[in-house]
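The residues making up each chain are set out below.
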Amino acid sequence: GMQSHLQALLSLYKLFCPEQVTITLPGKMKTYFKNSEGPWKTAITAVRQRNQGTSPLSQAVFLGTCQRQSRKRKWNAQLVIPASSANTNNLEEDREKSRVNLYSTNESFPVEQLRTFPQLLQNIHCLEFPSQMGSVLTNPLLLHYMNCVKDESIYLRLYYWMGQMLQEECTWCVVDNPYEEEFKSFLETIYKAECFLQEGFSACEEFLYKTLPFWDGICCRSEVLKLVSWIPLSSSSDIKSYLYDPLAQLFFTSSIYFKCSVLESLKELLQNWLNCNVIQVDLELSS
């Protein structure tokens, strides 16, 4: 029978290929499919408004629908380690009782007190990650800890937080964004953390694949190409459609400097793939 979701699908077919659908469909139906051209229309409108010098738009190109939220916090507020939520209330009491309690297996060591590598080694069994995962990116000791414990929940927390931050703050998805320098600094922080861990973040990979088609090749150029060099190795079809094709469109229409920058980034990407592959082979041989 003519169920509502089937009618919606047929109406979508009729929109693009009217000759293929000969039956009569009701005029008013529930919308099941969003307009696939929304992001492109928004991007074109944003470029027109920017070139004409009219009032800036606040509509995000990222998904073509969401509005940029008002900024009520400092940009780097989530890159500073907060007080440990688990021990905040009892921290002063613990200090007064004995410092031994901080190194006890039954007590978690407050990460804001972590200062040296020996401290990390001595308390690695009782560390608790901060509530704001962004602070991990700027703390080499916690990055060491991430490499040691390999806890999937840690990477998932960082994945969701980083993905949200990148989506909300992407400079070239919002017209006349006044926070370009802060966003550059944020991308640089992510890149340094990737170099430290010797692996790319999956949230960063998804962000690049989603936004490279909208990128003009100018905004945050150095930082974007650095992040490109840490994209994990995947199938050749994915790499071609999500990475090479968007870069190729910019490559053939840009300056010599941009072309050299892209080639340098892809060379580093290949080196990182080879290094990761060598490490994996060594691990398999040793096992």
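Residues numbered from 1 in each chain as written. Predicted model: local features only at pLDDT ≥ 70, side-chain atom pairs only at ≥ 80, totals over all residues. Heavy atoms only, no water.

Student: What should I look at first to understand the overall build of the protein in this one?
Tutor: For the protein, the helix and strand inventory stands at 11 helices and zero strands. Helices and strands in the protein line up, N terminus first, as α-α-α-α-α-α-α-α-α-α-α. Burial statistics for the protein: of 287 residues in total, 37% are counted as buried. For the protein, the proportion of contacts with a sequence separation of at least 24, taken over those separated by at least 6, is 60%. A total accessible area of about 17,400 Å² is found for the protein, and carbon and sulfur atoms account for 55% of it. (Helix = DSSP H or I, 4+ residues; strand = E, 2+ residues; numbered from the N terminus. Buried < 20%, exposed > 50% of the residue type's maximum accessible area, 1.4 Å probe, protein only. Contact = heavy atoms within 4.5 Å. Areas by Shrake-Rupley, 256 points an atom, 1.4 Å probe, with all protein chains shown as cover.)

Student: I'm lost on the packing of aromatic side chains in this one. Help?
Tutor: What the rule picks out here adds up to nine aromatic pairs. Between W172 and F207, the aromatic rings sit 5.8 Å apart at their centres with planes inclined by 45 degrees, giving tilted as the arrangement. Here F207 lies in helix α8 (residues 202–211) and W172 lies in the loop between α6 (152–169) and α7 (180–197), a separation of 35 residues in the sequence. Accessibility expressed as a relative area gives 10% for W172, which makes it buried. (Phe/Tyr/Trp six-rings, centres within 6.5 Å; stacked < 30°, edge-to-face > 60°.)

Student: Would you take a moment to explain the nonpolar core for this structure?
Tutor: Across soluble globular proteins, you tend to see nonpolar side chains buried next to one another. Grouped together as the largest cluster of nonpolar side chains are 59 residues, with contacts concentrated most on M162, W172 and W215. When residues of this core are traced back to their parent elements, those giving at least two are α5 (140–149), α6, α7, α8, α9 (221–228), α10 (236–251) and α11 (256–286). At seven residues, α7 tops the list of elements feeding residues into this core. Beyond its immediate chain neighbours, meaning those up to four positions away, M162 contacts L137, I190, F201, A203 and C204. (Core = buried A, V, L, I, M, F, W, Y, C linked by side-chain atoms within 4.5 Å.)

Functional significance is not addressed by these values, which are geometric in nature.
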